[in-house]
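Residues per chain, in single letters:
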Amino acid sequence: MNLYLRYFDSEVLVDNVDDAIAFLAGIEDIGMNPMLEKDIRDYVASDVFYPKRYKIRPRVYFIIIKTEATTMQDFKEKKAIRSVDGQGGKASSPILMTLNEPRYGWYEGSILFKRVQQVPGTGKFQYRDTSFVARVKAASGIDCYNRIVAHLSERVDRRSQFPSAKGKNFKFEYLGRCK
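Residues numbered from 1 in each chain as written. Predicted model: local features only at pLDDT ≥ 70, side-chain atom pairs only at ≥ 80, totals over all residues. Heavy atoms only, no water.

Student: I'd love a proper account of the overall build of the chain, names of residues and values included.
Tutor: Across its full length, the chain carries five helices and seven strands. Listing each helix as α and each strand as β along the chain from the N terminus yields β-β-α-α-β-β-α-α-β-β-α-β. When each of the 179 residues of the chain is scored for burial, the buried share is 30%. In the chain, the share of contacts with a sequence separation of at least 24, taken over all contacts with a separation of at least 6, comes to 54%. By element, 50% of the accessible surface of the chain is carried by carbon and sulfur atoms, the whole surface being about 12,200 Å². (Helix = DSSP H or I, 4+ residues; strand = E, 2+ residues; numbered from the N terminus. Buried < 20%, exposed > 50% of the residue type's maximum accessible area, 1.4 Å probe, protein only. Contact = heavy atoms within 4.5 Å. Areas by Shrake-Rupley, 256 points an atom, 1.4 Å probe, with all protein chains shown as cover.)

As structure tokens, then:
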């Protein structure tokens, strides 16, 4: 695991926390202290893979990103994107790649969308989270999404809101080839 650090135009890719702290200590504005050093060591040792941003003063930050990249060029070209499944083993494709992958067959897609429904008694309308699951013949994950949204658009109030295919409210699974 490597660390990418950036403060304005100063940036570095290091392979251990000591080099990261030495880089930050060399920047006068940051003012390295034992409390900040402990926090950085705790972040690096944790299982958190989100970037960490540290505030120096109002609207001035430095950032630390954990990465698998071995060179700065690999990091800049996003060649070492972390995409490991929950079992900690085999690497899986990022959602965008599997969403557009052409693979004709049966898909099971589930979508959680905001449906407009009238409240009985008051006559007013409100948004309600509604889950919908369907099995469709499609050419890819995005085609599955488009077919489900087209189907729902004909059957629910036009003010209903559908999530992005890239978001967490749409999931799909390839079931197999069509005959």
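Student: I'd love a proper account of the side chain of Ser140, names of residues and values included.
Tutor: Among the secondary structure elements, Ser140 is positioned in the loop between β6 (125-138) and α5 (141-153). Residue class for Ser140 comes out buried when judged on its relative accessible area of 7%. Excluding residues within four positions of it along the chain, Ser140 makes contact with Leu99, Asn100, Glu101, Pro102, Arg103 and Tyr107.

Student: Which residues make up the packing of helix α1 (residues 17-25) against helix α2 (residues 34-45), and what values go with them?
Tutor: The interhelical angle for the contact between α1 and α2, taken along N-to-C directions, is 145 degrees, at an axis separation of 10 Å. Read as a crossing pair, α1 and α2 show a hand that is right-handed. Of α2, the residues touching α1 (which contributes Val17, Asp18, Ile21 and Leu24) are Glu37, Ile40, Arg41 and Val44. Residue composition of the contact of α1 with α2, grouped by class: five nonpolar, no polar and three charged. (Axes fitted to C-alpha atoms, helices over the stretch in contact; angles between N-to-C directions. Left-handed = near helix turned anticlockwise from the far one by under 90°. Nonpolar A, V, L, I, M, F, W, Y, C, P; charged D, E, K, R; others polar.)

Student: Run through the pattern of salt bridges, naming residues and quoting values.
Tutor: Close approach of charged atoms allows side chains with opposite charge to pair. According to the stated counting rule, one finds 10 salt bridges in the structure shown. Among the salt bridges present, the one from Asp42 reaches Lys38, with a minimum N-O distance of 2.8 Å. On the criterion of helical spacing, the pair formed by Asp42 and Lys38 is a turn pair, its members being four residues apart in helix α2. Given a relative accessible area of 52%, Lys38 falls into the exposed group. Of the charged contacts, one joins Arg159 and Asp157 as a salt bridge, the two residues approaching to 2.9 Å between their closest N and O atoms. Looking at Arg159, the relative accessible area reads 37%, which means it is partly exposed. Residue classification places Asp157 among the partly exposed positions, given a relative accessible area of 25%. (Salt bridge = Lys/Arg side-chain N within 4 Å of Asp/Glu carboxyl O.)

Student: For the sheet that holds strand β4 (residues 60-67), give the residues involved together with the corresponding values.
Tutor: If you trace the four strands from one edge of the open sheet to the other, you get β2-β1-β4-β3, paired in antiparallel fashion. At either end of the open sheet lies a strand with only one pairing partner, and these are β2 (10-14) and β3 (52-57). Ignoring which end each strand starts from, the neighbouring axes of this sheet average 15 degrees apart. Relative to β4, β3 runs antiparallel, the two being bridged by five bridges. Bridge pairing in β4 links Lys55 to Tyr61. Contacting β1 (2-7), β3 and β4, α2 crosses the sheet at an angle of about 30 degrees to β4. (Pairing = 2+ DSSP bridges.)

Keep in mind these numbers describe shape, not what the thing actually does.
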